[in-house]
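Chain residues, written in single-letter form:
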Amino acid sequence: MLEIYKLSKSFQSGILKKQKTQAVQEVSFCIPDGKTFGIVGNSGCGKSTIARMLLSLIRPDAGEIRIDGKDILTAPKRNRQALSRKIQIIFQHPESSLDPSKKIRYSLMEPMIIHRMYDKAGREKRMRELLELVDIPETLLTHYPHQISGGEAQRIMIARALTLEPGILVLDEPTSMLDVSIQAQMMTLLKELQKKLGLSYLFISHDMDVVKWFCDEIAVMKEGTFVEQGDAEQIIKNPQHPFTKELLENFRI
Ligand SMILES: Nc1ncnc2c1ncn2[C@@H]1O[C@H](COP(=O)(O)OP(=O)(O)OP(=O)(O)O)[C@@H](O)[C@H]1O
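Residues numbered from 1 in each chain as written. Predicted model: local features only at pLDDT ≥ 70, side-chain atom pairs only at ≥ 80, totals over all residues.

The name given to the chain in an unreviewed UniProt entry is ABC transporter, ATP-binding protein, and the organism recorded there is Marvinbryantia formatexigens DSM 14469. Taken directly from UniProt, the Sequence similarities (unreviewed entry) text for the chain runs: "Belongs to the ABC transporter superfamily." (UniProt positions renumbered as here; feature names shortened; annotations may be inferred.)

See below:
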């Protein structure tokens, strides 16, 4: 279970750091095990800043990030690494997330080696289990990233994220760079994996149709705050906030 409470982050930029942007302001939400929470909003509203805080890439100014009741931000240093490993991300551009000079086998093994997970035989076994889960043939292990398709690269990235046994995946527009025909396959795979592994997803997207099908709950984000949040289908069917209505209108055009 992921619980986010009053998370805030501002950035200072410009000459003498005089310009302040409140990127995220007191957002709270909760994702139970096996559920999907979606964040929708225009470019620059703060979605990636939330993702970066969850992945411990930047530190929030205030708030709490609790995984199974334990706050990552105040946990002792020795526990923090294990806790932050529980949240992994799938990016928009799978090709650029894979090292072009390394074979697929290396990309799958690397996180387990860095985090000293399993012995050699255990890592091999885990890698093969994951390949089967994401439906990728073992023959691809000896390929380089430029020798595989966008859809295959995204499956490999999902397997790579799962090597660390996370409970939560942040899906940052995971299919927006793929062909429409592959997008549906990928979303179905993500649903299957969620069911099999009990994963929680934080899904960042612009596509209202996908959000409605994929998410249990959503938040509509504008200028750093959630203007509306709750059951996905309910919000899309009966939006209350003018900004949500505007987003839905623009999407339908
Ligand atoms: N490192 C930074 N320094 C200064 N301002 C930043 C920094 N990172 C983000 N911002 C600002 O914070 C706000 C939120 O940015 P963020 O990247 O979270 O938006 P987003 O909703 O993810 O946008 P997109 O959909 O385009 O990726 C924006 O106004 C952005 O310019």
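Text resumes after the structure shown.
**Describing the pairing of strand E8 (residues 200-204)**
With five of its five residues buried, E8 lies for the most part within the structure. Pairing analysis gives four bridges linking strand E3 (residues 36-41) to E8, with the strands arranged parallel. When the sheet's bridge partners are listed, isoleucine 39 is paired in E8 with isoleucine 204. Between strand E7 (residues 168-172) and its parallel partner E8, the chain crosses via helix H7 (residues 180-197), and the hand of that crossover is right-handed. (Buried ≥ 20, exposed ≤ 12 C-beta atoms within 10 Å, placed from the backbone. Helix = DSSP H or I, 4+ residues; strand = E, 2+ residues; numbered from the N terminus. Pairing = 2+ DSSP bridges. Right-handed = clockwise from strand over helix to strand, strands pointing away.)

**Notes on the sheet that holds strand E5 (residues 70-71)**
With respect to topology, four strands assemble into an open sheet ordered E2-E1-E4-E5, the strand pairing being antiparallel. Of all strands in the sheet, those with a lone pairing partner are strand E2 (19-31) and E5, marking the two edges.

**A look at the site of the ligand**
Close to the ligand lie Phe11, Ser13, Thr21, Ala23, Gly41, Ser43, Gly44, Cys45, Gly46, Lys47, Ser48 and Thr49. For the shell around the ligand, the secondary-structure elements that each account for two or more residues are strand E1 (2-13), E2 and helix H1 (47-54). In terms of residue count, H1 provides more of the shell around the ligand than any other element does, three residues in total. Grouping the amino acids of the shell around the ligand by side-chain chemistry returns three nonpolar, eight polar and one charged. (Near = placed C-beta within 6 Å. Nonpolar A, V, L, I, M, F, W, Y, C, P; charged D, E, K, R; others polar.)

**Side note on the domain arrangement of the chain**
Each domain of the chain was delimited in the assignment, giving domain 1 (1-86 + 168-253) and domain 2 (94-165). For domain 1 versus domain 2, the separation of C-alpha centres amounts to 25 Å. Each side of the interface is counted separately: domain 1 has ten residues, and domain 2 has eight residues. With five residues, the top contributor of residues to the side of domain 1 that touches domain 2 is H7. Class assignment of the residues belonging to the side of domain 1 that touches domain 2 gives a composition of eight nonpolar, one polar and one charged. (Domains from an automatic or database assignment. Contact = placed C-beta atoms within 7 Å.)

**Points about the UniProt feature "domain: ABC transporter" (unreviewed entry) in the chain**
Under the UniProt annotation, the feature "domain: ABC transporter" (unreviewed entry) is placed at residues 2-248. Within the segment residues 2-248, helix and strand shares are 39% and 27% respectively, and the terminal C-alpha atoms sit 28 Å apart.

**Some details on the environment of glutamate 165**
Among the secondary structure elements, glutamate 165 is positioned in the loop between helix H6 (150-162) and E7. For glutamate 165, a count of 14 C-beta atoms within 10 Å corresponds to the partly exposed category. The spacing of glutamate 165 and histidine 206 is 41 residues in sequence and 28 Å in space, taken between C-alpha atoms.

**Looking at the sheet that holds E7**
Pairing is mixed in the open sheet, where six strands are placed in the order E6-E7-E8-E3-E9-E10. The two strands at the open ends of the sheet, each matched to only one other strand, are strand E6 (87-90) and strand E10 (225-231). In this sheet, neighbouring strand axes are inclined to one another by 20° on average, regardless of whether the strands run parallel or antiparallel. In the packing of H6 onto the sheet, the strands contacted are E6 and E7, and the crossing angle to E6 comes to about 170°. (Axes fitted to C-alpha atoms, helices over the stretch in contact; angles between N-to-C directions.)

**Focus on the confidence of the model for the chain**
On average, the chain scores 91 in pLDDT, and the residues at 70 or more come to 99%. Ranking the helices and strands of the chain by mean pLDDT puts E10 first, with 97, and helix H3 (residues 94-97) last, with 73. Confidence metrics for the complex model read pTM 0.92 and ipTM 0.96. (pLDDT = per-residue confidence, 0-100.)

**Some details on the packing of helix H4 (residues 104-114) against H6**
How two helices sit against one another is set out by the angle between their axes and by the gap between those axes. In contact at an axis separation of 8 Å, H4 and H6 are set at 25° when each is read in the N-to-C sense. In terms of axis orientation, H4 runs roughly parallel to H6. H4 and H6 meet at a crossing whose hand is right-handed. Together, Ile104, Ser107, Leu108 and Pro111 of H4 and Ile156, Ala159 and Arg160 of H6 make up the contact between the two elements. In terms of residue class, the contact of H4 with H6 is made up of five nonpolar, one polar and one charged. (Parallel < 35°, antiparallel > 145°, perpendicular 65-115°, else oblique. Left-handed = near helix turned anticlockwise from the far one by under 90°.)

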